[in-house]
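Here is what each chain is made of, one letter per residue.
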Amino acid sequence: MNCKECTEKLVFYIDKELNNNELNTMQEHLKLCSSCNIAYKQLCNKLSVIDKERDLIPNPYLATRILNRIENISYKSNRQQQRILQPAFLIFILIIALFTGFLVGNSYQTIANDNNSSVQTDDLFFNELKQENIELTLLTYENE
Amino acid sequence: MNDIELIDAIKNGDKNAFRLLIEKYQDNLFKVSIGLLHNTQDAEEIVQDVFFQVYKSIYSFRQEAKLSTWLYRITVNKSLNLIRKQKRNKIVKNLSSFLLINDNKEIEFEEQDYAHPLKILELKETAKEVFAAINSLPTNQKIAFTLNKYDNISYKEISEIMELSLSSVESLIHRAKVNLQKKLIHFKNIDV
Ligand SMILES: [Zn+2]
């Protein structure tokens, strides 16, 4: 194995992805070749950054933060729904009120109409003219 | 609870089931996201966004794909979108600083761009170099490499996440490693 072949396989040597045959020749070369050894250590050192980064863990409150965010959003959307629903409810109430108003108005009119006719029938009994006639007859009768 | 039971419980409005889902997958999704973004704050934001989207669209989730595959796919997409957005912002900022609109803002942005615990440590310079090397990989190589390297995801599941054949995934990861090796070994210092 020459140095070029060796340095081309260093990353796979570090990741233990070589077959036994390749592994042995690599080990033999690295024992004897100082420059490849430097390259090997250089690469090991640099790739260890990846291992260190991989070991980082997220903030322990991340789950709580996510759940809070979801809670906030559903609260907000509830509020938004309320904001849409409240005026809609008010308009509904207003329509009901107006409708009841019309109904009450209409039924009052029919009662009023009934009252008018009854007044007219009453008037027939208490017809002032007829009453006057009676009085007049009585008066004339008395005078006679 | 397995994933199917979890989803059913969430669909039935069980809030504790959703917390269990977050706790089960948050570390995995965070690893994938930080592997693509190299910024803890951004990675946490992405994980939050992923679960938020999951919460909103859980009712439309059909169990044809595995839950984990679905989660990883959303995470990768959101992370890539953020990278694109940041690149666009960078271009705008560079342009505006070039036009001398605002110099202070640019410094702020650069510092924020490198917010990462490893960057404070002695590994700062090395980390910068390694992350730059990963970032320079073609997108599909970067995704496949990150999924495998950061969260130990099997080639089979990566092929499902990326909707590629198994051999394509093997080839992508192989090429990613070769490319990284080329970028990270400095032959100038070594007599080969
Ligand atoms: Zn050598």
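All of the points below concern the structure found in this document. Nothing here was measured: the structure is a model prediction, and the numbers come from that model. (Residues numbered from 1 in each chain as written. Chains lettered and ligands numbered in written order. Predicted model: local features only at pLDDT ≥ 70, side-chain atom pairs only at ≥ 80, totals over all residues. Heavy atoms only, no water.)

## Focus: the overall build of chain A
What counts is decided by this rule: By definition, any uninterrupted DSSP run of H or I lasting at least four residues is a helix, any uninterrupted run of E lasting at least two residues is a strand, and each is numbered from the N terminus. Note on classification: 1.4 Å probe, protein chains only; a residue is buried when its accessible area is under 20% of the maximum for its type, exposed when over 50%, partly exposed between these limits. Here a residue-residue contact requires only that any non-hydrogen atoms of the pair lie within 4.5 Å. Only the protein chains shown count as cover for residues, and all accessible areas are computed by the Shrake-Rupley method using a 1.4 Å probe.
Along its length, chain A carries 5 helices and 0 strands. Moving toward the C terminus, one meets the helices and strands of chain A in the order α-α-α-α-α. In chain A, buried positions account for 22% of the 144 residues. For chain A, the share of sequence-separated contacts (at least 6 apart) that also reach a separation of at least 24 residues comes to 54%. Only carbon and sulfur atoms are counted for the fraction: they give 59% of the accessible area of chain A, which is about 11200 Å².

## Here we look at the coordination of the zinc ion
Residue and element names in this part refer to chain A. So the rule is basically this: Nitrogen, oxygen and sulfur within 2.8 Å of a metal are treated as its donors, or within 3.2 Å for sodium, potassium and calcium (Na, K, Ca); water is not counted, so a site can appear incomplete. Angular criteria define each label, namely tetrahedral for four donors with all angles between 85 and 135 degrees, square planar for four and octahedral for six donors with opposite donors over 155 degrees apart and remaining angles between 65 and 115, and irregular for whatever fails these tests.
The coordination sphere of the zinc ion, as far as protein atoms go, consists of Cys 3 (SG), His 29 (NE2), Cys 33 (SG) and Cys 36 (SG), spread over 2.1 to 2.2 Å. For the zinc ion, the 4 donor atoms in the first shell make angles of 98 to 116 degrees at the metal, a pattern classed as tetrahedral. Here the donor residues of the zinc ion share one chain and are spaced in sequence as C-x25-H-x3-C-x2-C. Taken together, the residues Cys 3 in helix α1 (residues 3–14) and Cys 36 in helix α3 (residues 34–54) connect sequence positions 33 residues apart. One exposure class covers both Cys 3 and Cys 36, and it is buried.

## So, unusual backbone geometry
With a phi close to 55 degrees, A:Lys16 is a non-glycine residue in the positive phi region. Along the chain, A:Lys16 turns up in the loop between α1 and α2 (20–32). For B:Glu163, which is not glycine, the phi torsion reads 55 degrees and is therefore positive. Mapping B:Glu163 onto the fold places it in the loop between α9 (155–162) and α10 (166–184).

## A look at the pattern of salt bridges
As a reminder, the rule being used: Throughout this description, the term salt bridge denotes a Lys or Arg side-chain nitrogen within 4 Å of a carboxyl oxygen of Asp or Glu.
Scanning the model with the defined rule gives 16 salt bridges over all chains in all. The salt bridge partner of A:Asp51 is A:Arg54, with a shortest N-O separation of 2.8 Å. Placement of the pair is A:Asp51 and A:Arg54 together in helix α3, with a separation of 3 residues, close to one helical turn. Between B:Arg73 and B:Glu163 there is a salt bridge, with its nearest N and O atoms 3.9 Å apart. Of the two residues, B:Arg73 is situated in helix α4 (residues 67–98) and B:Glu163 in the loop between α9 and α10; the sequence distance between them amounts to 90 residues. The class for B:Arg73 is partly exposed, based on a relative accessible area of 25%. Residue class for B:Glu163 comes out exposed when judged on its relative accessible area of 61%. In the salt-bridge network here, residues are joined through shared partners; they are A:Asp15, A:Glu17, B:Lys149 and B:Lys177.

## Things to note about the packing of aromatic side chains
Residue and element names in this part refer to chain B. Test applied: The criterion for an aromatic pair is that two Phe, Tyr or Trp rings (for Trp, the six-membered ring) have centres within 6.5 Å, with stacked assigned to planes under 30 degrees apart, edge-to-face to planes over 60 apart and tilted to the rest.
Taken as a whole and judged by the stated rule, the model has 3 aromatic pairs over all chains. Ring centres 5.2 Å apart and planes at 75 degrees place the aromatic pair Phe 18 and Tyr 55 in the edge-to-face group. Placement of the pair is Phe 18 in helix α2 (residues 15–37) and Tyr 55 in helix α3 (residues 40–57), with a sequence separation of 37 residues. Accessibility expressed as a relative area gives 32% for Tyr 55, which makes it partly exposed.

## Thoughts on the interface of chain B and chain A
This is how the line gets drawn: When two parts are brought into contact, each loses some accessible area as probed by a 1.4 Å sphere; the total of that loss over both is the buried area. N or O atoms closer than or at 3.5 Å make up a polar contact, with two conditions inside protein: a donor-capable atom paired with an acceptor-capable one, and, for residues adjacent in sequence, both atoms drawn from side chains. Under the grouping applied here, Gly and all other residues not named as nonpolar or charged are polar, the nonpolar ones being Ala, Val, Leu, Ile, Met, Phe, Trp, Tyr, Cys and Pro and the charged ones Asp, Glu, Lys and Arg.
Each partner contributes residues to the interface: chain B has 46 residues there, and chain A has 38 residues. Taken over both partners, the interface formed by chain B and chain A buries close to 3800 Å², and the fraction arising from carbon and sulfur atoms is 65%. Residue B:Asp49 is joined to A:Arg69 by a salt bridge in which the shortest nitrogen-to-oxygen separation is 3.0 Å. For the interface between chain B and chain A, the tally reads 18 residue pairs in polar contact (both at pLDDT 80 or more). Mapped by element, the contributors of at least two residues to the side of chain B that touches chain A are α2, α3, α6 (117–120), α7 (124–135), α8 (139–151) and α10 of chain B. A per-element tally of the side of chain B that touches chain A places α2(B) first, with 11 residues. Each residue belonging to the side of chain B that touches chain A can be placed in one class, and the counts come to 24 nonpolar, 11 polar and 11 charged.

## With respect to α1(A)
Residue pairs three or four apart in sequence face the same way in an α-helix, which turns once every 3.6 residues. We count it as follows: In a helix, the anticipated span is given by 1.5 Å times the number of residues less one.
For α1(A), spanning 12 residues, the distance from its first C-alpha to its last is 16 Å, which sits close to the expected 16 Å at 1.5 Å a residue. Along α1(A), the residues that are buried comprise A:Cys3, A:Cys6, A:Thr7, A:Leu10, A:Val11, A:Phe12 and A:Tyr13. Along its buried surface, α1(A) packs onto α2 and α3 of chain A together with α10 of chain B. Of the residues flanking the start of α1(A), the one acting as N-cap is A:Asn2, its side-chain oxygen 3.1 Å from the backbone nitrogen of A:Lys4.

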